[in-house]
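Fold and contact review
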Amino acid sequence: GTNVSGQNFGNFDKVSISGMKFNDMDGDGTKDAGDLGLSGWKIYLGGSATDSTTTDIDGNYQFIGLGPGTYNLSEGVQSGWQQTTTNPSAVTTASGTDVSGQNFGNFEKVTISGMKFNDVDGDGVKDPEDTGLSGWKIYLGGSATDSAMTDANGNYSFTNLGSGTYTLSEAVQSGWTQTTTNPSVITTSSGMDVSGQNFGNIELGTISGMKFNDMDGDGVKDAEDTHVSGWKIYIGGGRIDSTMTDANGNYSFTNLALGSYTISEEVQSGWLQTAPVSGTYSETITGSGTDLTGKDFGNFDKVSISGMKFNDVDGDGTKDAEDNGLTGWKIYLSGFVTDSATTDANGNYSF
């Protein structure tokens with residue numbers, strides 16, 4: 001007559017945990033409409049049971065037949081990729097309740113590259129004749145900071161860059177000017193390398209020459225013609241400036257941009273300019289690294305010709321002690337210039 005109760009049976013309806021591995025194109029950690037699944041990636045199950053599986057052709061994965069307990073999920077990270085989502089929170093199962101949407105987002109790292117080139121005509125465009133410049137520093141800023149040197153062909157690259165926004169700039173070198181603007185801000189997309197981020201530069205030009213003492217006044221720099229220091233040389237046109245000739249009579253104007261220039265000298269009293277014939281040089285810097293030399297200025301240090309008109313008492317043709325000067329006589333000069341002078345009270349004259 002003794003009844004027996006409470007002989008119970010408990011059962012847990014096993015569950016599955018599933019999700020997707022997706023290519024996070026904008027790296028924002030969210031599965032957007034254009035973010036496709038990634039196949040062949042390993043997903044790990046830990047906690048109350050351990051297991052692993054590989055994502056299918058659509059990037060999906062699933063662990064089935066899981067009993068009660070707490071489970072965690074992680075991925076097998078692949079080289080060249082950046083995980084954009086955190087691992088899903090620990091999952092505590094409930095009988096008969098499958099758990100889905102345990103997704104992993106990844107961004108395939110990219111490269112940003114370009115060239116530093118000698119912009120021969122200064123037009124800001126990479127033309128066939130514009131060669132690469134090696135040994136220039138390019139800076140990366142924004143979501144990551146770095147620098148790289150251009151190689152023998154002027155190329156540079158920044159690799160293994162994750163999602164984000166990046167800027168590029170160059171370290172300008174003395175004697176050069178940039179002909180291109182810095183590339184626009186770059187927002188990366190998963191797996192999409194960015195190339196053609198070029199920098200054009202033109203090497204500034206030089207105009208130089210010498211100031212010389214033209215001994216024979218022929219307008220040509222001969223071996224016996226010495227240099228003249230401390231003369232002022234002017235540049236006009238694309239730049240207004242002046243410089244002094246150095247100890248060797250040399251002068252130069254450097255860091256000249258493309259354009260037209262006039263070179264002239266400051267005329268000094270007592271000197272006659274013999275070169276150039278026109279008196280000035282008209283020059284044009286037409287391309288990168290233009291170096292115009294030999295723009296020389298010749299000058300002749302003017303001289304005096306003088307003598308005496310005397311009363312040759314004994315008529316021997318020689319100025320003797322007793323031969324006095326004759327005043328008021330006219331002496332004529334002819335040749336390169338014509339002139340006349342009248343002897344003074346002592347019989348002297350000069351040109």
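This one's a predicted model, so the numbers in the text were calculated from it and none came from an experiment. (Residues numbered from 1 in each chain as written. Predicted model: local features only at pLDDT ≥ 70, side-chain atom pairs only at ≥ 80, totals over all residues. Heavy atoms only, no water.)

This brings us to the overall build of the protein chain. Scanning the protein chain for helices and strands turns up zero helices and 29 strands. On C-alpha atoms alone, the protein chain measures out to a radius of gyration of 45 Å, which is more than a quarter above the 20 Å that the 2.2 N^0.38 rule sets for 351 residues. C-alpha extents for the protein chain along the principal axes are approximately 190 × 35 × 30 Å. Counting contacts in the protein chain only where the partners sit at least 6 residues apart, residues at least 24 apart contribute 55% of the total. On the protein chain, roughly 18800 Å² of surface is accessible, and the fraction owed to carbon and sulfur atoms is 46%. Counting 17 positive and 45 negative side-chain charges, the protein chain places the centres of these two groups 3 Å from one another. (Helix = DSSP H or I, 4+ residues; strand = E, 2+ residues; numbered from the N terminus. Rg over C-alpha atoms; globule rule 2.2 N^0.38 Å. Contact = heavy atoms within 4.5 Å. Areas by Shrake-Rupley, 256 points an atom, 1.4 Å probe, with all protein chains shown as cover. Lys, Arg positive; Asp, Glu negative; His and termini not counted. Charge placed at Lys NZ, Arg CZ, Asp CG, Glu CD.)

A few words now on the sheet that holds strand E2 (residues 42-47). Read across the open sheet, the four strands follow the order E3-E2-E5-E7; overall the sheet is antiparallel. The sheet is open, and its two borders are formed by strand E3 (51-54) and strand E7 (91-92), each paired with just one other strand. Bridge count for E2 against E3 is four bridges, and the pairing is antiparallel. Considered in E3, the bridge of isoleucine 43 is made with threonine 53. (Pairing = 2+ DSSP bridges.)

Position of valine 15 among the secondary structure elements: in strand E1 (residues 15-23). Accessibility expressed as a relative area gives 2% for valine 15, which makes it buried. In this structure, the C-alpha to C-alpha distance between valine 15 and tryptophan 329, residues 314 residues apart in sequence, is 136 Å. Those residues in contact with valine 15 that lie beyond four places of it in its chain are Phe63, Ile64, Gly65, Leu66, Thr93, Ala94, Ser95, Gly96, Thr97 and Asp98. (Buried < 20%, exposed > 50% of the residue type's maximum accessible area, 1.4 Å probe, protein only.)

Attention now moves to the sheet that holds strand E8 (residues 104-108). One key point about sheets: their strands pair by backbone hydrogen bonds, in either a parallel or an antiparallel sense. Spatially, four strands are ordered E4-E1-E8-E6 in an open sheet, and the strand pairing comes out mixed. Across the chains shown, the open sheet's two edge strands, defined by having one partner strand only, are strand E4 (60-66) and strand E6 (81-83). On average, each strand axis in the sheet is tilted by 20° relative to the strand beside it, whichever way the strands run. Here E1 pairs with E4 via five bridges, running antiparallel. (Axes fitted to C-alpha atoms, helices over the stretch in contact; angles between N-to-C directions.)

Let us look at the pairing of E8. Counting buried residues along E8, four of its five residues qualify, which places the element largely inside the surrounding structure. Across three bridges, the pairing between E1 and E8 is parallel. Looking at E8, one finds that phenylalanine 22 is bridged to glycine 105.

With that settled, the discussion passes to unusual backbone geometry. The residue after alanine 275, namely proline 276, is reached through a cis peptide bond having omega -5°. Tracing the backbone shows proline 276 in the loop between strand E22 (271-275) and strand E23 (281-285). At asparagine 160, a position not held by glycine, the phi torsion is positive, near 55°. Tracing the sequence through the fold places asparagine 160 in strand E12 (residues 155-161).

This part is about the packing of aromatic side chains. Tallied over the full model, the rule gives 11 aromatic pairs. When the ring of tyrosine 156 is compared with that of phenylalanine 158, the centres are 5.9 Å apart and the planes differ by 65°; the resulting orientation is edge-to-face. Across the pair, exposure class does not vary: tyrosine 156 and phenylalanine 158 are buried alike. Joined through ring pairs, the aromatic side chains of Tyr251, Phe253, Tyr281 and Phe297 make up one cluster. (Phe/Tyr/Trp six-rings, centres within 6.5 Å; stacked < 30°, edge-to-face > 60°.)

Moving on, we get to the nonpolar core. If you look at the biggest cluster of nonpolar residues, it comprises 14 residues, and the most contacted ones within it are Ile112, Leu140, Tyr156, Phe158, Leu161 and Leu168. Mapped onto this core, the elements with two or more residues apiece are strand E9 (110-118), strand E10 (137-142), E12 and strand E13 (165-170). If you tally residues by element for this core, the top one is E12, at three residues. Residues within four places of isoleucine 112 in sequence aside, it is in contact with Tyr156, Ser157, Phe158, Leu161, Tyr166, Leu168, Ile186, Val194 and Gln197. (Core = buried A, V, L, I, M, F, W, Y, C linked by side-chain atoms within 4.5 Å.)

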